[in-house]
Each structure stands twice: as C-alpha cells, then as structure tokens.
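Inside the fold
Below are the chains, spelled out letter by letter.
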Amino acid sequence: MSTAGVAVGESRRLEPALRRQRALGRKLLVPYVTGGMLTDWTTVLAALATAGADAIEVGIPFSDPIMDGPVIQEASDRALAAGTTPQLVLAALRHAGGEIGVPLAVMTYYNLVDRAGLDRFAADLAASGVGGAILPDLPLDESAPWRRAAAAAGVDQVLLAAPTTGEERLAAICSAASGFLYAVGLMGVTGERADLATSSLDVATRASRYTDLPVLVGVGISTPDQARRVCAVADGVVVGSALVRRLLEGGGPEAAAALVSEFREALDAG
Amino acid sequence: MGDPDPTGRFGDFGGRFVPESLVPACAELEVAFREAWADETFRARYRDLLSRYAGRPTPLTPCPRLSEMLGVELWLKREDLTHTGSHKINNVIGQALLAERMGKRRLVAETGAGQHGVATATAAARFGMECLVFMGKLDMARQELNVFRMRLLGAEVVPVTSGSATLKDAVNEAMRHWVATVADTHYCLGSVMGPHPYPWMVREFQRVVGDEAAAQCREELGRDPDVVIACVGGGSNAAGTFAGFVDGPARLVGVEPAGGAAIGRGLPGVVHGMRSKILQDEEGQVLEATSISAGLDYPGVGPEHAHLAAIGRADYVAVTDDEVVAAVRLLARTEGILAALEPAHALAWLARAAGQEVPRGATVVLTLSGRGDKDVAQLMERGE
Ligand SMILES: Cc1ncc(COP(=O)(O)O)c(C=O)c1O
C-alpha cells in the first residue's frame, strides 16, 4: 500500500468519527445504499455525505437477503443482475476513496464473508477504505471468528440488538460490538412503516444502559419526523428503504441528497 | 446419530445463523423441544396421533418382481401410505404438538412439492390453528393439485416470486414472515435444515421411519439390511431413515438430484440459518437448483448430512431427471406402486447400481417417502 493507503486508513475509521460527531451534540445520520444498484452509485454516496450523512452504509448484494423487505430485495436483484460482485463493490469504494468524505460501513450477509475467507474479507474492507461491517445473519453467538478477523484488520464489528433481546444478552452484545450498536427498531425486515414503532424507543433506551457506543436505530425509520422522535432516546438512525425506494424510482443523486437533507434538518432541529 | 453440540453443530456443520430478532425464538424452541421430548406424556400424544391419525406404523413391503429384475432383495418403507401421502406428516405432527404446548396459535411453513405444505395445513386444521404456507410461484404451477389441497384444508398459500421462485425463496420468505410474527407464530420448517434446533428436532420427529424399519428388518430378516437408500432434498426422510441404521453395519446412501447435488457439488457455506454444503458460485452467491422434482429442488442440504458425508458414514450420489422418470415407470409396472418423483431418485440410483455398487443378492431397504399422485399432471405434460 502506498502512503495514500495510509491516509485512507486514518480517515476511514467508523467509531471515532461517530463519537466525535456525537460529542458535538449532533444526532447521527447513516443512510444506506445498495452497492451496484445504479451505474453511478458511488456518486450518490458523495452526494449523501455532502447532504449531511455522518457515515454511509453500503450494501453488498446477496442472493438470499433474509433480513430485507421488498425494496432492498429489489435493489439487490438489480445490482446482481448488473453483474455486481463483492469485489466490484469494494473496488468501486477504493476508487471513490477520499471523494466520499465520511466513514463507510458495509452491510452484507455472512456467506459472502465466509466464502472469501474471514481474514481476506476483513483486509479487503480495510484496503477499500471501509471502517465497519454489519452482518445481520451473524448473531453474537456465531460472531467470534469474524470479530477476531475484523479487529485484526482494524474494521469495526457492528452488532445488532432486537426488541426481543433479553437484558443479559443485550449487555453481552453491547460489550462485543464496536463502531456503533445497531438497534433494530421493530420485529420485522427492512422496509418503510407509516408509524414509528414503540419498540424502537424501547430497544434504544435499553441498549444505552449497557454501552456508551453510539446507539443507532434502523429498520422502519422512514420519515424525518420518525427519525427526530426516535432520537429523543437514540444517538442516531439508519435510513435504508425510504432512500433506496427513491433511487429505484429514478431519483438520482439529487433526489437522494434532498431526502438526506430533510432528515438532517429534522435531526438538527431536534 | 447423536445430539448436536450445545451450539447446534454436527461436526463442523449446523449452528444458528439467524438475525438477532430470531435468536430468542430459536433458543425458546430448543428449550421447549428438549423438555417435550423428555416428557413421556408428550411422546405418548405424538405416538397416538401418528398411529390413530396418520396411520403408522407403515409397512415394510417386499418387492418380488422388481427384486428379481434387479438381482437384489428390495424392501420399501412405505411412507407413501401415511395420511397426506408422505413422511412430512411425522414431523408436522410433532411440531404442531410442540407449537400448541408453547401457546402458539399460527403455523407458518415453506413448501416445495407441496407435501410439507399439505401436511402443515392438515395439522393446523386438526389443532385448530391458522396456517400460512409460502410456495414458489414456479412450484405452484408444477404442483397445482397440492395448492388446491392446502386451500381446501383452510390454509392460505402465498406465492413467492423473489429469486428463483422455488423452495429456497419460499424459505427466505417464511423466515422474513416469522421475524415479524414470532410472538404468536411457530415456524414449522419442513426438513432437517435451518437454524438449531430444527435439524436435530426434525430428525428426531422423523426417526420413527428408521426405528420402525429397523425393527421390521429384525423381524423379517433377523438382521440389518446391507444397504439403506433414501432421497435427499433438505434431507428429512433420509435423516429419519438413517437414524434407525447408523449404529449398525448397513451402508447408507443418500440420493440427490443431479441439478441440486449440494453434497456432491456444493461448497461449505452459510444460508438459511445453518452452515452446510451449498450450491454457490465462487463469490458465495447461492445458485438455483434445477430438478424435475419440486421437493428436491433445493441448493442446500441439512447439516447432519454434510457431517455424515464428511466423516464417511453415509455416501451421497446423484441421478438425472430422465433416470428418475424411468424409475417411476419401473416401480409402477413391476410392483403396482406409484412413487413420487422424490423417492424415485432413490429407486433410480438402485436401478443403476444394482449388480455393481450394490452387489447381487444384497438386501436393500429404500424409503418410499411419498406417493406419486401429485406428480401425475407434471408427467403427463412431459409426455410420459
Ligand atoms: C415425497 C417427498 N420426499 C422427499 C422430499 C424431500 O424432503 P426431505 O429431503 O426433507 O425428505 C419431499 C419434499 O417435498 C417430498 O415431498
């Protein structure tokens, strides 16, 4: 790796950046985009950063995304049909490099990691400027080998907590996670919801008792107002389907950035 | 076949790779099953339903004409004669009893050929539960009759259009649904696959096939057979059959479809909650299986089979669609038994291997996991 690689290495880290932003009194906004869903998807990432994202979650499409609802499934299908592979997503991120301007985390399913080999996948993430990984089908009990590999490569291992997670287990998840704690807001898969689930407030409140990691609520956060309300107890939100739907409907980087700006304003207004 | 380790593994395979939202539900199910299976009252109800409702024990049928033709001594374990027409009922009765014991009021299931869906719809009706079955759109077309049967029984059948629109995608959809409904819904998984405790629990509910067959062999032959054969989709009829013979000397053979040979051509990986052998590309994207039989059209396989293959205790072989269709015809014309396309895979391998890999005069037990009525329309369309 050249010196440019080292520079990327310094700025790519997820957890320090999120902690810094939180310390400024800011609520954290992490939009999600499926890698490869559009030809110019990395342009979208840069626009989202400019519009006020604190970090960006990039989906690596998988054939069997069991935690995803119809919108993100559609994005994955389109990306796969266009020939997207994990290596192509990472290569695109490596090329976009410094232009995105905020830390990146990938979201994908464990089989892609397992097939590549844990150490190799973790090293590839780091070399591509990715600071963290979210693997929704890798629960705490199965995660130790991946957490070791990720830690060795300096990649944060975001873990998920759910409304049904009991107290003891929640404490264990919180202490094993790094980057941020992903509080799944409701019992269900990704997708937009008309109302904010009360379970999202509950899970974020409970998680905050066990960790000072940033606690972000994802799944079912579809509107700026829902984001604002859940951030009464959470440190931030992950916004996926609402954004991906606009991209699927043909809104380019501008429409995506406009939506992220709306979320940003709502969070800043508190 | 022993119990899995505390993490739900058989050797390197198994485990519980599910979203956090489902981990507590799987843990709760594991505890409930462990307690129920150790409870004589539960077992007595299960046995009673299997006998007076499902028609067990099923016979071990000698096949004089086919045996003579193949030069072996063939016995069929007749799961086709159970209520609803396949071994799937054994598992479903166990899981429905367990769901009732856990206070659940809904059953959700995936189905490929529709046999597991029909069995689940049947048990739901018998237990007064709601029933929702996910089925690939392609399979709904191939198995129209079973779709109608499920609806007659009061189940809702939901077409799955994602991915390959077959069994793999129906499992995805059932899991997604379960995440959202876990409070009052039991996921009645149809094979020895998925997250712990399913591979173990379903095998235990299916071991009645092998235990009965082993006892029948001792009675009829005074010893174990030389070879035991079963077809393998997810692997439940094979696991249940093997469970009765694994501690003895018999050679165990699982037969996969050539287009869905997860053990033969798959790589280790993680999908549908388990580590097992999976048909996948070099990046780890799961491939679509292609088989004439909707019930075996699955790119994965139960983890205990991956383990039995790894330690060399069972052999896994593959047959082509054409061999399978020929085997349906062969059994029908020699013994007057119409096999489903799934167990016809086991017959097809025997027809090929008899006199060679299976020596002349060998005693063979083959699990006839289901009856062929559901496949007649499909065979007619093929111009058979
Ligand atoms: C008659 C019959 N046999 C076998 C199977 C395959 O399942 P398994 O491998 O779990 O026995 C099916 C599945 O639908 C079936 O209907």
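Preceding this section is the structure that the text describes.
Residues and elements named next belong to chain B. Positionally, Ala113 belongs in the loop between β5 (106–111) and α5 (115–127). Note: C-alpha distance between Ala113 and Gln143 (30 residues apart in sequence) is 6.2 Å. Apart from residues lying up to four places away in sequence, Ala113 is in contact with Met135, Gln143, Asn146, Ala294, Gly295, Glu342 and Lys374.

Within a sheet, neighbouring strands are paired by backbone hydrogen bonds and run either parallel or antiparallel to one another. All names here are of chain B. Taking strand neighbours across the sheet as the criterion, the 4 strands line up as β7-β6-β5-β8 in an open arrangement whose pairing is parallel. Sheet topology places β7 (156–160) and β8 (185–187) at the edges, where each strand pairs with a single neighbour. Ignoring which end each strand starts from, the neighbouring axes of this sheet average 20° apart. Bridge count for strand β6 (residues 130–136) against β7 is 5 bridges, and the pairing is parallel. What sits directly across from Leu132, in β7, is Glu156. Strands in contact with α5 are β5 and β6; relative to β5, the strand with the most contacts, it is inclined by about 165°.

Residues and elements named next belong to chain A. Pairing is parallel around the closed barrel formed by 8 strands, whose spatial order is β1-β2-β3-β4-β5-β6-β7-β8. With direction set aside, neighbouring strand axes in the sheet form an average angle of 25°. As defined by bridge partners, strand β3 (residues 104–107) adjoins strand β4 (residues 132–134) across 3 bridges and the pair is classed as parallel. Bridging across to β4, Val106 finds its partner in Ala133.

Okay, the interface of chain B and chain A next. On the chain A side, the residues contacting the 35 residues of chain B number 35 residues. For the pairing of chain B and chain A, the buried interface totals around 2,700 Å² over both sides, and the portion due to carbon and sulfur atoms is 51%. Broken down residue by residue, the surface that chain B buries against chain A is led by Glu20(B), Arg176(B) and Glu283(B), which jointly contribute 26%. Across the chain B-chain A interface, the total number found is 4 salt bridges. Between Arg169(A) and Glu20(B) there is a salt bridge whose closest N-O contact spans 2.8 Å. Linking chain B with chain A are 16 residue pairs in polar contact (both at pLDDT 80 or more), by the criterion used here. When contributions to the side of chain B that touches chain A are tallied by element, the ones reaching two or more residues are α1 (23–37), α8 (167–181) and β11 (267–271) of chain B. The leading source of residues in the side of chain B that touches chain A is α8(B), at 8 residues. Residue classes in the side of chain B that touches chain A are distributed as 14 nonpolar, 10 polar and 11 charged.

Residue and element names in this part refer to chain B. Positionally, Arg203 belongs in helix α9 (residues 198–221). What makes Arg203 buried here is its relative accessible area of 0%. Not counting residues up to four positions away in its chain, the partners in contact with Arg203 are Met1, Gly2, Asp3, Phe10, Val192, Tyr198, Ala239, Gly240, Ala243 and Glu304.

Let us now look at the packing of helix α4 (residues 70–81) of chain A against helix α12 (residues 241–248) of chain A. Residues and elements named next belong to chain A. The N-to-C vectors of α4 and α12 enclose an angle of 50°; their axes lie 9 Å apart at closest approach. It follows from the interaxial angle that α4 and α12 lie oblique. α4 and α12 meet at a crossing whose hand is left-handed. Facing Val71, Ile72, Glu74, Ala75 and Arg78 of α4, the residues of α12 in contact are Ser241, Val244, Arg245 and Leu248. Across the contact of α4 with α12, the residue classes tally to 5 nonpolar, 1 polar and 3 charged.

Now for the site of the ligand. All names here are of chain B. Taken together, 18 residues surround the ligand, and among them Ser191, Gly233, Gly235, Ser236 and Ser369 come closest. Here Gly233 contributes a backbone N or O atom positioned 2.7 Å from an oxygen atom of the ligand. Surface burial for the ligand is 98%, taken as the share of its 390 Å² of free accessible area covered by protein chains.

Rules and cut-offs
- Residues numbered from 1 in each chain as written.
- Chains lettered and ligands numbered in written order.
- Predicted model: local features only at pLDDT ≥ 70, side-chain atom pairs only at ≥ 80, totals over all residues.
- Heavy atoms only, no water.
- Helix = DSSP H or I, 4+ residues; strand = E, 2+ residues; numbered from the N terminus.
- Contact = heavy atoms within 4.5 Å.
- Pairing = 2+ DSSP bridges.
- Axes fitted to C-alpha atoms, helices over the stretch in contact; angles between N-to-C directions.
- Buried area = accessible area lost by both parts, 1.4 Å probe.
- Salt bridge = Lys/Arg side-chain N within 4 Å of Asp/Glu carboxyl O.
- Polar contact = N/O pair within 3.5 Å; in protein donor to acceptor, adjacent residues only side chain to side chain.
- Nonpolar A, V, L, I, M, F, W, Y, C, P; charged D, E, K, R; others polar.
- Buried < 20%, exposed > 50% of the residue type's maximum accessible area, 1.4 Å probe, protein only.
- Parallel < 35°, antiparallel > 145°, perpendicular 65-115°, else oblique.
- Left-handed = near helix turned anticlockwise from the far one by under 90°.
- Near = heavy atom within 4 Å.
- Areas by Shrake-Rupley, 256 points an atom, 1.4 Å probe, with all protein chains shown as cover.

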